[in-house]
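Understanding the architecture of this molecule
One letter stands for each residue in the lines below.
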Amino acid sequence: VTLSTTPPAAAALWITSRRACFPVAQSREVIRRALAIAAVGTVTTLAISTCLAVAFDQGGIAATGSAALRLSGMSTLPLGYGGRFATPALVAIGLSVLVTALWSLLSPRRSTPATGRDREHSEVRARAVVAAHGGDTLAYFALRDDKQWFFDGDSLVAYAVKNGVCVVSPDPIGPVEQRGSVWAAFTTYAEAHGWTVSILGASVKWLPVYEASGLHPIYLGDEAIIDCREFTMDGRAMRSVRQAHSRVRRAGYSFSLVDPTMIEPNLRDDLASISTMCRQGAFERGFSMTLSRLFDPRDAGLVTSIACDATGTPQAFIQWVPCEGGWSLDVMRRNTEHGLTNGIIEYLILESVKAFQAQGFARVGLNFSVFRTMLSGENTARFGRAARRVIQGAAAQTQIESLWRFNAKFAPLWSPRYAVLGSADAMAAQSIVMAGAEGLTELPVVGRFMTGMAPR
C-alpha cells in the first residue's frame, strides 16, 4: 500500500509547490458545485452497494457496511456470484464521479457577460475608446452585441469566449504606446480564467506584439482598400466596372447616401425586408467583419447607400461603418427576387466612393478576400500552389474565388489579415471555435461575403 501511494503523494506535493504556475482561481460557486458532485456521487455509490448487498446477501447486512467501506481493498464485494459483476460497476461509477468532480473544478472558468447597467456603462466606455482610437477598418466591429470588453488604461480588447477558447477581434484598440501593456494585462486576465487566446482578423502592425507573447500568426487573406485620393474610373483596368455602372444608370436607377438612424419607417421596412430575403432566413454571419445589426439608434455616425429603381423602389443597399479617414463596408444586400439590372452592387460601390471622395475622405474598406495571394498566383511557393488547387476545388461551394475577382475589379490596395493561434495542442480547438464564430462550418474562413451576395 505504501509503495502504491508514494508516487501520487509525491506528485501532489510537487504540484502544490508549483501552485503559482496554475493561475486559474475558481469561484466559490464552482468549488461548491464540485464538492456537491463528489458528495452526491459518494452517497449514491454507497447506496447502490448497500442495495446490491441486500439483494445478494450472503454475509448479512452487518457485513455490507464493512464491505462498502473496504471496497478499495478487495477484489469483489461479498455478494456471492453477483459481486463479480457489481464490483467493476461500482468502481466505474466511483471513477465517473471523481472525473466529473475534477472536470467541474479544473475546467476553464466561464465567461459571465455584463448585463443591465454594467453592460450599458461598459458600452459607453467602449464607444468612447473606439471613437478616439479606432483607426483600423475593423475597429467599429468591436461594438458587436456578442462581444465583451476588457479595459486597461485608455485601451480596449473586444472578445468572446466559447468552450474555453477566447477569440479576440479586432486588434486591441487604444494608444500605440499602450499596445504592450494592454496585451500583457489581457493575457494575464485570460490565463487567470483558464482560457486559450486567439485573434481573428489581426493586422500586420500587431503581429510583433502577439508573437512576443508566444502566439503564431497564420495568413487568412487580404482586405480590399480603395484609396479615394488616387481612385479613378478611367483606364482599361476599370472598364468592366464602368460598363456595369453605365448599364445600371441607363436602366433608371438612382443613388442616395443617408444616415440609417434617420431613415423613415417605410423605407426602413423595405430595406429590412431585402436584408432578410438576401440571407434566406439564415442568421447574420461574421464575428470579425460585420456588425450584425441594422438601423440601431445606438449606431450614430453610420451611413447607408441605397439604390432605387426607376419607380423609386429600393432594390439594394450597403451599410458603412466609420474608420479613421473614411468608411468600412459592413453589409451589402440586394433584392434576390427581382430581376435586377446586372451590376447593381458595382453601381452602389462606385457611387459611394464618388460621394466619399467629394466629402474629402481618404479610404474605403471593401470586402475580405480569403487566401487572395494563393488564388491570384502571387504565392509561388510549392505550398501556395498546392493550396491554390485545393481552394479552387472548393470555390464552387464557398464563392471564395468569385469574391476575390469581384474585389479586384476596383483595383484596390490589399491589406493582409491573419488568424493568430496558440500552441499546437490548442490550434485545433481554436480553429473550430473561430469558424463557429464566423458562422461557417465547412472551413475556418472569415469574410464579409454573405449567403446570396455573390456579385452579379
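What you see is a predicted model; the values in this text were computed from it and never measured. (Residues numbered from 1 in each chain as written. Predicted model: local features only at pLDDT ≥ 70, side-chain atom pairs only at ≥ 80, totals over all residues. Heavy atoms only, no water.)

In this section: the sheet that holds strand 9 (residues 326-334). Read from one edge to the other, the open sheet built from 11 strands follows the order 1-2-3-4-11-5-10-9-8-7-6, with strand pairing classed as mixed. Lying at the two open borders of the sheet, with one neighbouring strand each, are strand 1 (148-152) and strand 6 (254-258). Within the sheet, the average angular offset between the axes of one strand and its neighbour, ignoring direction, is 30°. Both strand 9 and strand 10 (residues 363-370) contribute to a ladder of three bridges, which runs parallel. Each residue of the ladder has a partner; that of Gly-326, found in strand 10, is Arg-363. Contacts from helix 6 (residues 179-192) reach strand 1, strand 2 (155-162), strand 3 (165-168) and strand 4 (196-202), with the element oriented near 125° to strand 1. The sheet contacts of helix 10 (residues 344-358) involve strand 5 (216-227), strand 6, strand 7 (303-308), strand 8 (314-323), strand 9 and strand 10, and relative to strand 6 the element is tilted by about 50°. (Pairing = 2+ DSSP bridges. Helix = DSSP H or I, 4+ residues; strand = E, 2+ residues; numbered from the N terminus. Axes fitted to C-alpha atoms, helices over the stretch in contact; angles between N-to-C directions. Contact = heavy atoms within 4.5 Å.)

On to the pattern of salt bridges. Applying the stated criterion to the full structure yields 14 salt bridges. Between Arg-144 and Asp-146 there is a salt bridge whose closest N-O contact spans 2.8 Å. Exposure remark for Arg-144: the relative accessible area of 5% places this residue in the buried category. A salt bridge links Arg-298 to Asp-145; its shortest N-O distance comes to 3.1 Å. Residue Arg-298 is found in the loop between helix 9 (265-279) and strand 7, and its partner Asp-145 is found in the loop between helix 5 (116-133) and strand 1; the two are separated by 153 residues along the sequence. One continuous salt-bridge network, built from bridges that share partners, spans Glu-123, Arg-127, Asp-145, Arg-293, Asp-296, Arg-298 and Asp-299. (Salt bridge = Lys/Arg side-chain N within 4 Å of Asp/Glu carboxyl O. Buried < 20%, exposed > 50% of the residue type's maximum accessible area, 1.4 Å probe, protein only.)

That bond from Ser-169 to Pro-170 is cis: its omega, 0°, falls within 30 degrees of zero. Considering the arrangement of structural elements, one finds Pro-170 in the loop between strand 3 and helix 6. Phi is positive for Phe-295, which is not a glycine, with a value near 55°. Relative to the helices and strands, Phe-295 is located in the loop between helix 9 and strand 7. In this structure, Ala-411 takes a positive phi of about 45° despite not being glycine.

A few words now on the packing of aromatic side chains. Evaluation of the coordinates by the stated rule reveals 16 aromatic pairs. Residues Tyr-159 and Trp-195 carry aromatic rings whose centres are separated by 5.9 Å and whose planes lie at 40° to one another, so their mutual orientation is tilted. A residue pair is termed long-range when its members are at least 10 positions apart, and Tyr-159 in strand 2 and Trp-195 in the loop between helix 6 and strand 4 qualify at 36 residues. Judged by its relative accessible area of 6%, Trp-195 falls in the buried class. Both rings, one in Phe-295 and one in Phe-317, keep their centres 6.5 Å apart while their planes meet at 40°; by these two values the pair is tilted. Residue Phe-295 is found in the loop between helix 9 and strand 7, and its partner Phe-317 is found in strand 8; the two are separated by 22 residues along the sequence. The same class applies to Phe-295 and to Phe-317, which are both buried. Through a chain of ring-to-ring contacts, the aromatic side chains of Phe-150, Tyr-159, Trp-183, Phe-186, Tyr-189, Trp-195, Trp-206 and Tyr-210 assemble into a single cluster. (Phe/Tyr/Trp six-rings, centres within 6.5 Å; stacked < 30°, edge-to-face > 60°.)

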